[in-house]
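Residue-level structure breakdown
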Amino acid sequence: RPAAELGVLVKELRLTRGMTQRQLAAVAGVSLGAVRDLEQGRFASPRWDTVGSVTAAITTDPVQPARTGQLPP
């Protein structure tokens, strides 16, 4: 099931980064419920903007904004 596979991947990446669901939601600019639903595969058709925001939040280098003098979102 693609939704479940996506959820497992998001959870694994989040845990690898040492983030809580709440932290990921805050960085991605989405609700905590959206992160939970995504990780648990509880959606038939995900909002791809939400998936993109979550993916960007867990795959970007957290040190990069400090290197460029920019604040994280």
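Fair warning: this is a prediction, and the values are worked out from it, not measured in the lab.

A few words on the side chain of arginine 14. In this fold, arginine 14 is placed in helix α1 (residues 2-16). We classify arginine 14 as buried; its relative accessible area is 7%. Setting aside chain neighbours within four positions, we find arginine 14 in contact with Met19, Thr20, Gln21, Leu24, Glu39 and Ile58.

For the rest of this paragraph, the subject is the packing of helix α2 (residues 21-28) against helix α3 (residues 32-39). It is at 8 Å that the axes of α2 and α3 come closest, and there the two elements cross at 115°. With respect to α3, the axis of α2 lies roughly perpendicular. Crossing handedness for the pair α2 and α3: right-handed. Seen from α2, the contacting residues are Gln21, Arg22, Leu24 and Ala25; seen from α3, they are Leu32, Val35, Arg36 and Glu39. Its residues assigned to classes, the contact of α2 with α3 shows four nonpolar, one polar and three charged.

Averaged over all residues, the pLDDT of the protein equals 79, while 74% of them reach at least 70. Residue range residues 64-73 is modelled with pLDDT below 50. Its contacts to residues more than four positions away, or to other chains, number five contacts.

When two helices pack together, their arrangement is given by the angle between their axes and by how far apart the axes lie. Axis separation between α2 and helix α4 (residues 48-59) bottoms out at 8 Å; the angle between their running directions is 110°. Overall, the two elements α2 and α4 adopt an arrangement that is roughly perpendicular. Between α2 and α4, the residues in contact are Leu24, Val27 and Ala28 and Ser53, Val54, Ala57 and Ile58, respectively. Class assignment of the residues belonging to the contact of α2 with α4 gives a composition of six nonpolar, one polar and no charged.

On to the nonpolar core, then. Among the nonpolar cores identified, the biggest contains 13 residues, and Val10, Leu24, Val30, Val35, Leu38 and Val54 are the most heavily contacted of them. Elements that contribute at least two residues to this core include exactly α2, α3 and α4. It is α4 that contributes the most residues to this core, four residues altogether. The residues touching valine 35, leaving out its near neighbours within four places in the chain, are Gln21, Leu24, Ala25, Val30 and Val54.

About the thresholds
- Residues numbered from 1 in each chain as written.
- Predicted model: local features only at pLDDT ≥ 70, side-chain atom pairs only at ≥ 80, totals over all residues.
- Heavy atoms only, no water.
- Helix = DSSP H or I, 4+ residues; strand = E, 2+ residues; numbered from the N terminus.
- Buried < 20%, exposed > 50% of the residue type's maximum accessible area, 1.4 Å probe, protein only.
- Contact = heavy atoms within 4.5 Å.
- Axes fitted to C-alpha atoms, helices over the stretch in contact; angles between N-to-C directions.
- Parallel < 35°, antiparallel > 145°, perpendicular 65-115°, else oblique.
- Left-handed = near helix turned anticlockwise from the far one by under 90°.
- Nonpolar A, V, L, I, M, F, W, Y, C, P; charged D, E, K, R; others polar.
- pLDDT = per-residue confidence, 0-100.
- Core = buried A, V, L, I, M, F, W, Y, C linked by side-chain atoms within 4.5 Å.

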